[in-house]
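Each chain, letter by letter, is given below.
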Amino acid sequence: MTAPFVHHPAVSPGLWTLAWRRLRADRVAMASLAVVCLFLLSVVLSATGLVAAGWEDEVAVNYAPPTFVGPDPALAALAQPQRPVPPNAFDPLAADIAALKTQLARQGHATHAVKRTTLPFGADKWGHDVVRKTIKGGQTSIVVGLVAAFLAVLLGTLFGALSGFYGGRVDDFFNWFYSVFTAIPSILMILTVAAVLQTKGVLTIVLILGLTGWTGPYRLMRAEYIKHKAREYVMAADAIGASSWRKMFVHIFPNVSHVALVQMSILVVGFIKAEVILSFLGFGVPVGVVSWGSMLNEAQNELLLGKWWQLTAAATAMAVLVTAFSLFADALRDALDPKLK
C-alpha cells in the first residue's frame with residue numbers, strides 16, 4: 001500500500017535572503033566587503049595587542065625615510081670618512097672630539113640601515129614605525145566612525161519613525177527639535193557639545209559626532225515612514241492586531257533599511273574626516289592616543305620639511321577604507337531596494 005502524497009508548500013525567500021543573493025552576484029561589492037573586513041580585522045588585532053603593539057617604540061632615527069627611497073643623504077654624508085683634523089695647540093682635544101663624532105655618526109647610520117629594513121613607510125619625528133602607527137591609528141578612527149555613525153543613524157531612525165508614524169503633536173515636537181539643531185551651524189554645535197562634556201577621548205568624539213549628526217537620517221526616515229504607513233501591508237498588520245512598535249520596526253523598517261544603511265555609509269566617511277577636524281581644534285584624541293586625524297595633523301608640519309611618508313600612509317589607508325565602504329554600501333542599498341525584487 002503506497003503512502004499518501006504530502007504536498008509541502010514552497011517557502012518564499014525573505015528580504016535578506018534575496019539581498020544576499022544579489023550581493024554575492026556583484027564582484028565589486030564582494031571585493032569591497034573583503035577590504036572592509038580586512039580593516040575591521042586589523043582593528044580587532046590591534047585592540048588585542050597582536051598587531052602594532054609596539055607602535056610607541058623608537059625603532060629608528062627621527063624622520064627615517066621609507067626603505068624604497070634609499071638611504072637618507074644627510075646620514076650618508078655623515079657616515080663618509082672625514083678629513084683628519086690638524087693638531088691644535090690651543091685645543092688638544094679637538095682631534096679626539098672630531099674622531100668621536102665620526103664614530104657616532106657611522107654607528108647611527110649603521111643602526112639606521114638595519115632598522116630601515118622593517119620600516120617600509122619610514123618613521124615619524126619620534127622614530128616610531130609609520131606602518132604600526134597607521135594600523136593603531138586606524139583602530140581609533142574606524143571605531144569613532146562606525147560607533148558615531150551607528151549612534152546618529154539609531155537616533156535619526158528612532159526619531160523619524162516616531163515622527164512619521166504617529167504624526168500630530170509628536171511630529172510637531174520632533175520637527176521643532178530638528179529645526180533647533182539645524183538652525184545652529186554645525187561647528188558651533190560641535191563646540192557646544194564639546195564644552196558641555198569637557199573631556200577628551202574616543203567616547204567624547206563619538207558623543208559629539210553622534211549627537212550632532214542625527215538630523216540627516218531623521219529627515220529621510222521621517223519621509224519614508226510617512227509614505228509606508230499608508231501601504232497595504234501595514235494596514236494588513238493593523239487588521240490582525242499588530243502593535244505600533246511592531247508595525248514600525250518589524251514591518252516597515254525592513255523596507256526602508258536601505259535608507260538607513262546608505263546614511264550610515266555616508267556618515268562613517270564624514271565622521272572619519274570630522275575626527276581630523278576635531279583633533280586639529282583640540283577636541284580630538286588625547287595625548288598618547290594616535291588616530292588618522294592626529295597623524296594628518298602632525299604631517300602638516302612634516303610636509304614642509306619634505307617628510308611626506310606619514311601623510312601618505314594615513315591618507316592612503318583612509319582613502320582605501322572610505323572607497324571600499326562606499327562601494328559596499330551602494331551595492332547593499334541596491335540589493336535591499338524592494339523595487340528590484
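Residues numbered from 1 in each chain as written. Predicted model: local features only at pLDDT ≥ 70, side-chain atom pairs only at ≥ 80, totals over all residues. Heavy atoms only, no water.

J.: Hey, could you go over the overall build of the protein chain for me, with residue numbers and the actual values?
T.: Scanning the protein chain for helices and strands turns up 13 helices and zero strands. Starting at the N terminus and walking to the C terminus, you meet the elements of the protein chain as α-α-α-α-α-α-α-α-α-α-α-α-α. Contacts in the protein chain between residues at least 24 apart in sequence constitute 78% of all its contacts with a sequence separation of at least 6. Summed over all atoms, the accessible surface of the protein chain reaches about 19000 Å², with 67% contributed by carbon and sulfur. (Helix = DSSP H or I, 4+ residues; strand = E, 2+ residues; numbered from the N terminus. Contact = heavy atoms within 4.5 Å. Areas by Shrake-Rupley, 256 points an atom, 1.4 Å probe, with all protein chains shown as cover.)

J.: Account for the packing of aromatic side chains, with residues named and values stated.
T.: Each aromatic ring pair is specified by the distance between its two centres and by the angle formed by the two planes. On inspection of all chains with the given rule, the structure shows 16 aromatic pairs. On the basis of an interplanar angle of 40 degrees and a centroid distance of 5.4 Å, the ring pair of Tyr-178 and Tyr-218 is categorised as tilted. In this pair, Tyr-178 sits in helix H6 (residues 168-183) while Tyr-218 sits in helix H9 (residues 215-228), placing the two residues 40 residues apart along the sequence. The same class applies to Tyr-178 and to Tyr-218, which are both buried. An angle of 65 degrees between the planes, with centres 5.2 Å apart, marks the rings of Phe-181 and Trp-214 as edge-to-face. Here Phe-181, found in helix H6, pairs with Trp-214, found in the loop between helix H8 (202-212) and H9; they are 33 residues apart in sequence, far enough to count as distant. An aromatic cluster of at least three residues, connected via ring pairs, comprises Phe-159, Phe-173, Phe-174, Trp-176, Phe-177, Tyr-178, Phe-181, Trp-214 and Tyr-218. (Phe/Tyr/Trp six-rings, centres within 6.5 Å; stacked < 30°, edge-to-face > 60°. Buried < 20%, exposed > 50% of the residue type's maximum accessible area, 1.4 Å probe, protein only.)

J.: I'd like to hear about the packing of helix H12 (residues 292-304) against helix H13 (residues 309-336), residue by residue, with values.
T.: Running from N to C, H12 and H13 cross one another at 145 degrees; their axes reach a closest spacing of 8 Å. The two elements H12 and H13 meet at a crossing, and its hand is left-handed. Contacts between H12 and H13 involve Trp-292, Met-295, Leu-296, Glu-298, Ala-299, Glu-302 and Leu-303 from the former and Gln-310, Leu-311, Ala-314, Ala-315, Ala-317, Met-318 and Leu-321 from the latter. Its residues placed into classes, the contact of H12 with H13 shows eleven nonpolar, one polar and two charged. (Axes fitted to C-alpha atoms, helices over the stretch in contact; angles between N-to-C directions. Left-handed = near helix turned anticlockwise from the far one by under 90°. Nonpolar A, V, L, I, M, F, W, Y, C, P; charged D, E, K, R; others polar.)

J.: Explain the confidence of the model for the protein chain to me, and be specific about the residues and the numbers.
T.: Here the protein chain shows a mean pLDDT of 79. Residues at 70 or above account for 78%. Within the protein chain, H9 carries the highest mean pLDDT (93), whereas helix H3 (residues 73-79) carries the lowest (49). Here residues 109-117 is a poorly scored stretch, pLDDT under 50, and it has 17 contacts once near neighbours within four places are set aside; other chains count. (pLDDT = per-residue confidence, 0-100.)

J.: Account for the nonpolar core, naming residues and giving values.
T.: In this structure, Leu-209, Trp-214, Tyr-225, Phe-271, Trp-292 and Met-318 are the most contacted members of the largest nonpolar core, which totals 60 residues. At 13 residues, the largest contribution of residues to this core is made by helix H11 (residues 244-281). If we ignore the near neighbours within four places in the chain, the residues touching Leu-209 are Val-144, Ala-148, Phe-271, Ala-274 and Leu-278. Among the nonpolar cores identified, the runner-up in size contains eight residues, and Leu-23, Ala-29, Ala-331 and Leu-332 belong to it. (Core = buried A, V, L, I, M, F, W, Y, C linked by side-chain atoms within 4.5 Å.)

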